[in-house]
Amino acid sequence: MEKLVRIYNQNRGKIFVLILVIIFIFVIISLFNLRAKDENKDQSEKVEAEVSNTEKNKYYNESKSMVTGGNVSDSVKNKFGDLVDTFLDYCKNHEPEKAYGLLSDDCKEILYPTEWLFEQQYYNSKFSDSKRYSFQSWTASDTYIYQVKIFDDMLATGKGSSQKYIQDYFSVVKQGDEDYRLNINGFVGKVNMNETISKDNVTITVKDRSAYMDYSVYTVNLKNDGSNTLLLDSRESANTMYIEDANNIKFGALLYENNSDDFYVKPGEQKDIKIKFSDSYREKISINKMVFSDIYLDGTNKTHVEVNFKD
């Protein structure tokens, strides 16, 4: 013990300096750790802000509408963009069954009642080879429509440089209270109408309208309460059956797509027929009426019937 005291007394100054050095080093290390912690926190906050900003603007360019101007609203642009992206990604990665699950009920009913039909008529014709794609908002007012371009993946296929692409239009529609689904292949949506007019023993009911980007298809119910077979249209003249919009522009029926038997209705008979019209989809312009100006009640007598639509 005496030896230790003697050593301490002989080296008291050095020991005191050593203690001060240790304390100084500890303080410096603590300061460096504190600064590093603050810098890491700042960097983490910066990264989080950048991620948040990136997520917020994930579909910034794709949300600029090409036709109506403006943008898809911030509240839905990522939701809609993700929906379109996911569908195309499923197709690109050869998972058509998952892509089919993202279609709306109307799209399935009207275009692709079965997954097999979707694969045969849509998926196989567009995604048989490796593809890449792009999309951008087309309209974002009454209806959210996206223009889609599907390109060959040149790196994967080795086909060489090409700017050719398959063009399509997708519409985002509400399915239920909070969910959204897609209409594809230029199909915009279906509207139930049920507008009826009766005249000269003829009853015509326009049941619904299926809108596409380039045309529309109406389901029309015909009922003959007369004693003679009626003919809805002789097809001897052009534009005798048409729809008319709010600007008084007429769009003729494309009757060549119907069979001749479609337009004959026997006494007491009632039938549904599909009639295609040449109107392309336009926002905020409504169709006011459907006109039948060439109805033959028998071999000679004719009548003119107009079905007016509510706004």
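In this text the structure is predicted, and so the values were computed from the model without any measurement.

Mind laying out the nonpolar core, listing which residues take part and the relevant values?
Core analysis: the largest hydrophobic core is formed by 33 residues, its most contacted members being Phe87, Tyr112, Phe118, Phe170 and Ile184. Contributions of two or more residues to this core are made by α3 (74-92), α4 (96-100), α6 (115-126), β1 (131-140), β2 (144-152), β3 (165-175) and β4 (179-183). Take this core: its biggest share by element is seven residues, from α3. If near-sequence neighbours (up to four positions away) are discounted, Tyr112 is found in contact with Tyr100, Leu103, Cys107, Leu117, Phe118, Gln121, Tyr122, Ile184 and Asn185. Listed in part, the 28 residues of the second largest apolar core include Met193, Ile204, Ile287 and Met290.

Residues and numbers for the confidence of the model for the protein chain, please.
Averaged over all residues, the pLDDT of the protein chain equals 87, while 85% of them reach at least 70. No element of the protein chain has a lower mean pLDDT than helix α1 (residues 2-10), which averages 57, and none a higher one than α4, which averages 98. Low pLDDT (under 50) marks residues 47-54, which in the prediction has zero contacts with non-local residues, meaning those over four places away or in another chain.

Before we move on, could you go through unusual backbone geometry and cite the residues and values that matter?
One non-glycine residue, Arg235, lies in positive phi territory at about 60 degrees. Locating Arg235 in the fold gives a position in the loop between β8 (230-231) and β9 (241-245). Located in the positive-phi region is Asn239, a residue other than glycine, with phi close to 60 degrees. Mapped onto the elements, Asn239 comes out in the loop between β8 and β9.

How would you sum up the sheet that holds strand β12 (residues 270-277)? Please name residues and give values.
One open sheet accounts for four strands, arranged β5-β6-β7-β12; its pairing is antiparallel. Where the open sheet ends on each side, the last strands, each with one partner, are β5 (187-199) and β12. The mean angle between the axes of side-by-side strands here comes to 20 degrees, regardless of whether they run parallel or antiparallel.

Kindly report on the packing of aromatic side chains, identifying the contributing residues and their values.
Evaluated as defined, the whole model comprises 18 aromatic pairs. Look at Phe80 and Tyr144: their rings are 4.9 Å apart centre to centre, the planes differ by 70 degrees, and that puts the pair in the edge-to-face class. Of this pair, Phe80 sits in helix α3 while Tyr144 sits in strand β2, placing them 64 residues apart in sequence. Residue Tyr144 is classed as partly exposed on the basis of its relative accessible area of 21%. For the pair Tyr112 and Phe118, a centre-to-centre distance of 5.7 Å together with 80 degrees between the ring planes defines the contact as edge-to-face. The same class applies to Tyr112 as to Phe118, namely buried. Through a chain of ring-to-ring contacts, the aromatic side chains of Phe87, Tyr100, Tyr112, Phe118, Tyr122 and Phe170 assemble into a single cluster. It is Arg132 that lies over the ring of Phe151; its NZ or CZ is 4.7 Å from the centre.

Got a sec to walk through the pattern of salt bridges? Specific residues and values, please.
Opposite charge on two side chains allows them to pair when their charged atoms are near. Here the structure, examined in full by the defined rule, presents 14 salt bridges. For Glu195, the salt bridge goes to Lys310, with nearest N and O atoms at 3.3 Å. In this pair, Glu195 is assigned in strand β5 and Lys310 in the segment after β14 (302-308), connecting sequence segments 115 residues apart. Residue classification places Lys310 among the exposed residues on the basis of a relative accessible area of 68%.

Go over α3, please, and point to the residues and values.
With 19 residues, α3 should reach 27 Å at 1.5 Å per residue; the first-to-last C-alpha distance of 27 Å fits that figure. Those residues of α3 that fall on the buried side of the exposure criterion are Val76, Lys77, Asn78, Phe80, Gly81, Leu83, Val84, Phe87, Leu88 and Cys91. A positive phi of about 60 degrees marks His94, the residue just after α3.

Rules of the game
Residues numbered from 1 in each chain as written. Predicted model: local features only at pLDDT ≥ 70, side-chain atom pairs only at ≥ 80, totals over all residues. Heavy atoms only, no water. Core = buried A, V, L, I, M, F, W, Y, C linked by side-chain atoms within 4.5 Å. Buried < 20%, exposed > 50% of the residue type's maximum accessible area, 1.4 Å probe, protein only. Helix = DSSP H or I, 4+ residues; strand = E, 2+ residues; numbered from the N terminus. Contact = heavy atoms within 4.5 Å. pLDDT = per-residue confidence, 0-100. Pairing = 2+ DSSP bridges. Axes fitted to C-alpha atoms, helices over the stretch in contact; angles between N-to-C directions. Phe/Tyr/Trp six-rings, centres within 6.5 Å; stacked < 30°, edge-to-face > 60°. Lys NZ or Arg CZ within 6 Å of the ring centre and 35° of its normal. Salt bridge = Lys/Arg side-chain N within 4 Å of Asp/Glu carboxyl O. Expected span 1.5 Å × (residues − 1).

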